[in-house]
Amino acid sequence: MLTLYVAGIGILGPGFDGWETSRAFFAGECVYKGGDTAEPRSTLLSPTKRRRMSYTTRLAVHVAQQALEQSGLPGDDLATVFASSDGDTAILHQLCSALALPEKTVSPTAFHNSVHNAPAGYWSIATGSHASSNSLSCYDATFVTGLLDAACQATVEHRPVLLNVYDMKMPQPLHDARPIDVSFAVALMLLPQASSNSLARLDIELRPSDKAPGSTLEQPAMENLRYANPAARALPLLAALARTHASEVVLAYVNGNYVHVQVTP
Amino acid sequence: MEPLYVTAYAAVSALGRGTPATLDALRQSRSGLRPCDFEHVDLETHVGRVQGLEAEGVAIARYDCRNNRLAQLALQQDGFEEAVARAREQYRPQRIGVFIGTSTSGIQETERAYRNRDPKTGALPDTFSFRDTSNLASVADYVRRYLNLLGPLMSISTACSSSAKVFAVARRFMHAGLCDAAVVGGVDSLCLSTLYGFNSLELLSRQPCRPADRQRDGISIGEAGGFALLEQPRAAPRGQATVALLGYGESSDAHHMSSPHPEGIGARLAMERALRCAGLEPAAIDYINLHGTATASNDLIEDRALCAVFGTGVPCSSTKGWTGHALGAAGIIEALISWLSIQHDLVPGTLTTRELDPAINSNIVLQNRQQTVRRVLSNSFGFGGSNCSLVFGRVG
């Protein structure tokens, strides 16, 4: 069992922008109807740097900044995990389109932004942090994988870890091969110990199960969103974090394993 | 940290298939770099290409791509599958994690699909399986299926430090009790994206790359696949391990996306943290396997950082002139070379380098040298300023 404390939450997706305004949807206080994903607009980087950043970088940095600010922690020595199933597919589309032409002219900016750890790189530049950072993918289990990786870093290295999970809406023609219908990103500031600013305690257990396919959401539009983007597999956990009573969330992992999270406000 | 035993390992690179072929190439000073003849690439550069990969296959058809072929070929070397079968019995498949580094996975399949788009609709071919080939997780998923493992799983993609970081991640998962043993590794294969991408940044050498050389002019890209089985000393079969992971150090440059920090702060922190994690003084390291890409800036900055931590005495070399820069597989291939160095008391030279850059002050070894090697530090630094240093040592 791994025990963590949540000290900040960031969210950007259809109808969601920031924990404060999104919380009511999760708590069932108002009906969730979806909407558009607002343009990410982190203020941590200069406008010049922001122009050079890819969409996924801006998406990830936007929610990372929200969680950081809510936690009140300094960002300049903060370990991070950036998890995304598919990374920046607009750049993938741009590169592969260019490489299909006889000249094969690749934009140097597109190439260096194409690395999966581009958001991690820009985040470390924005915060001046020399701390360790991981960037990973595990297809539809990417959120849970990121959560486990961040949990291991926080508990084994005894330090706060900022987890950021994001995927962008797939451009065509890639969308036919991998349908991701909307852009969505979530960030969690995770602490190894309780502190005055922690919002909830998470007790995380990994175990095989042949039972139910994991937690679902009551509101249909939210349940649809859960399938529309790998990062939105986080929604049941966010719903539990919005409650005022303790609850358990079961999230599908890989190989018939499930991650059980006991959420205690 | 408590050491983790490396109880089996295997690799394929431009040096050949398996550890004996790799060791033989090292001993014979035989480079794997050749003028680029990959696909229809029209760049004047050398590559470290794995011969015969086109004739290989995969055990599960829908995963077929160059990268997964390379993964399977590497898994079939050096008795690795047999060692994993033993571990599977000992720990159960659910208790063995799979952590694989890659920078581009099977992106070649997406490149091909884009060359074969429907001229009318722009659609990609029906036969294209994005999930099982091109997605970053494909290689980890394929490895775990091929080995019948059911534990924690992830692909790590931090550019050129990817398959060094797998050691740190696996160690944390084991320490946290999420698995008892781990298969770690890295696989990256030649593709147009990286060849033309590095070319666009003017980082490709026109000659076989010459790390730390006065006339170095960039990298030679290589492809490679490598794996290791990690176990706790108390659980590993007696006498199985000859080398162990003693420490790891990770850092971020916080400087620039494609050029290293000018004072090498990230590189220095990674090395210092690896030593601290291992509980060792700099003097305990007998050999350093450099990141040593042969770009103008990397070699100079790595040298500056290294001298700040170790001074100028410790023998070091870059083996990129042998294998090429295997990007997301560089960490695991250089870990394997570090283990061969420890087992055979061999400090490999910096093969293709002729005249050392006078601005570089560390003790760069040019010719192979026999000397006692008990502990090695291996550096891997990636785009985005992602750094990882590993310390390995002799068991017993």
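Our subject is the structure listed above.
Quick caveat: nothing in here was measured; it's all calculated off a predicted structure.

Conventions used here
- For every chain, the first residue of the written sequence is number 1, and numbering continues from 1 onward in sequence order.
- All chains are assigned letters beginning with A, and all ligands numbers beginning with 1, in the order in which they are written.
- In view of the model being predicted, local features appear only for residues whose pLDDT reaches at least 70, and side-chain atom pairs are presented and counted only at 80 or more, with totals across whole chains, interfaces and linings using the full set of residues.
- Burial is judged by counting other C-beta atoms within 10 Å of a residue's own C-beta: 20 or more means buried, 12 or fewer means exposed, and anything between counts as partly exposed, with every C-beta placed from the backbone.
- Here a helix means four or more residues in a row that DSSP labels H or I, a strand means two or more in a row labelled E, and each is numbered from the N terminus.
- Here a strand pair is declared whenever DSSP counts at least two bridges between the two strands.
- Each residue gets a C-beta atom placed from its backbone, and two residues are in contact if those atoms lie within 7 Å.
- When residue character is reported, Ala, Val, Leu, Ile, Met, Phe, Trp, Tyr, Cys and Pro are called nonpolar, Asp, Glu, Lys and Arg charged, and the others, Gly included, polar.
- Buried Ala, Val, Leu, Ile, Met, Phe, Trp, Tyr and Cys residues form a nonpolar core when they are connected through C-beta atoms within 7 Å.
- The directions from the helix axis to the C-beta atoms form the arc being described.
- Axes, fitted as lines to C-alpha atoms, cover a helix only where it is in contact. Angles between the N-to-C directions of the axes lie from 0 to 180 degrees.
- Geometric relationships in this document are graded by angle, where less than 35 degrees denotes roughly parallel, more than 145 denotes roughly antiparallel, 65 to 115 denotes roughly perpendicular, and other angles denote oblique.

(A) Up close: the pairing of strand β10 (residues 243–252) of chain B. Residue and element names in this part refer to chain B. Most of β10 is tucked away, with ten of its ten residues classed as buried. Bridge count between strand β1 (residues 4–13) and β10: three bridges; the pairing is antiparallel. Bridge pairing in β10 places Leu-4 opposite Leu-245.

(B) Summary view of the interface of chain B and chain A. Taken together, the contact between chain B and chain A spans 54 residues of the former and 53 residues of the latter. Mapped onto the side of chain B that touches chain A, the elements with two or more residues apiece are α4 (107–115), α5 (130–134), β6 (153–156), α7 (162–175), α8 (192–200), β10 and α9 (265–278) of chain B. Along the lines of polarity and charge, the residues of the side of chain B that touches chain A split into 25 nonpolar, 21 polar and eight charged. Where strand β4 (residues 133–137) of chain A and β6 of chain B come together, two bridges link them in antiparallel fashion. Looking at β6 of chain B, one finds that Leu-136 of chain A is bridged to Ile-156 of chain B.

(C) The sheet that holds strand β4 (residues 46–48) of chain B, seen in detail. Residue and element names in this part refer to chain B. Strand order in the open sheet formed by three strands is β3-β4-β8, and the pairing between neighbours is mixed. Sheet topology places β3 (33–35) and β8 (221–222) at the edges, where each strand pairs with a single neighbour. The pairing of β4 with β8 spans two bridges and is parallel. Each bridged residue has a counterpart across the sheet, and for Gly-48 the counterpart in β8 is Gly-222.

(D) Local environment of the pairing of strand β7 (residues 200–208) of chain A. Residue and element names in this part refer to chain A. Taken together, the five bridges between strand β1 (residues 2–13) and β7 define a ladder with antiparallel strand orientation. Across the sheet, Tyr-5 pairs through a bridge with Arg-201, a residue of β7. Here β7 runs beside strand β9 (residues 257–264); their pairing, made up of eight bridges, is antiparallel. Paired with Arg-207 across the bridge in β9 is Tyr-258.

(E) Structural view of the nonpolar core. Of all hydrophobic cores here, the largest spans 240 residues; its most connected members are Leu-190 of chain A together with Val-143, Ala-182, Val-183 and Phe-392 of chain B. Setting aside residues up to four positions removed in sequence, Leu-190 of chain A forms contacts with Leu-4, Val-6, Ala-150, Ala-151, Ala-154, Pro-160, Val-161 and Leu-163 of chain A.

(F) Main features of helix α1 (residues 19–26) of chain A. Residues and elements named next belong to chain A. Regarding α1, the residues found buried are Trp-19, Ser-22, Phe-25 and Phe-26. With its buried residues spanning 110° around the axis, α1 presents them on a single face. In α1, the exposed positions angled more than 90 degrees off the buried face are occupied by Glu-20 and Thr-21. Those residues of α1 that are buried lie in contact with β1, β2 (16–17), α3 (55–71) and α10 (235–242). Phi turns positive, to about 80°, at Gly-28, one or two residues after α1.

(G) Unusual backbone geometry, seen in detail. All names here are of chain A. Look at the link from Gln-172 to Pro-173: it is a cis peptide, with omega at 0°. By the secondary structure assignment, Pro-173 is in the loop between β5 (161–167) and α8 (174–177). Even without a glycine there, the phi angle at Lys-104 is positive, about 50°. Within the secondary structure, Lys-104 is located in the loop between α4 (89–99) and α5 (108–113).

(H) How the structure looks around the packing of helix α1 (residues 19–27) of chain B against helix α12 (residues 330–344) of chain B. Residues and elements named next belong to chain B. Here α1 crosses α12 at 75°, and the two axes come no closer than 11 Å. Between α1 and α12, the interaxial angle falls into the category roughly perpendicular. On α12, the residues touching Thr-22, Leu-23 and Leu-26 of α1 are Leu-336, Leu-340 and His-344. For the contact of α1 with α12, the residue count by class is four nonpolar, two polar and no charged.

(I) The packing of helix α7 (residues 142–157) of chain A against α7 of chain B, seen in detail. Packing of α7 of chain A against α7 of chain B brings their axes to within 9 Å, and their N-to-C directions diverge by 75°. With respect to their mutual orientation, α7 of chain A and α7 of chain B come out roughly perpendicular. In this structure, α7 of chain A uses Asp-149, Cys-152, Gln-153 and Val-156 of chain A to contact α7 of chain B, whose residues at the interface are Val-169, Arg-172, Phe-173 and His-175 of chain B. Considered class by class, the residues forming the contact of α7 of chain A with α7 of chain B number four nonpolar, two polar and two charged.

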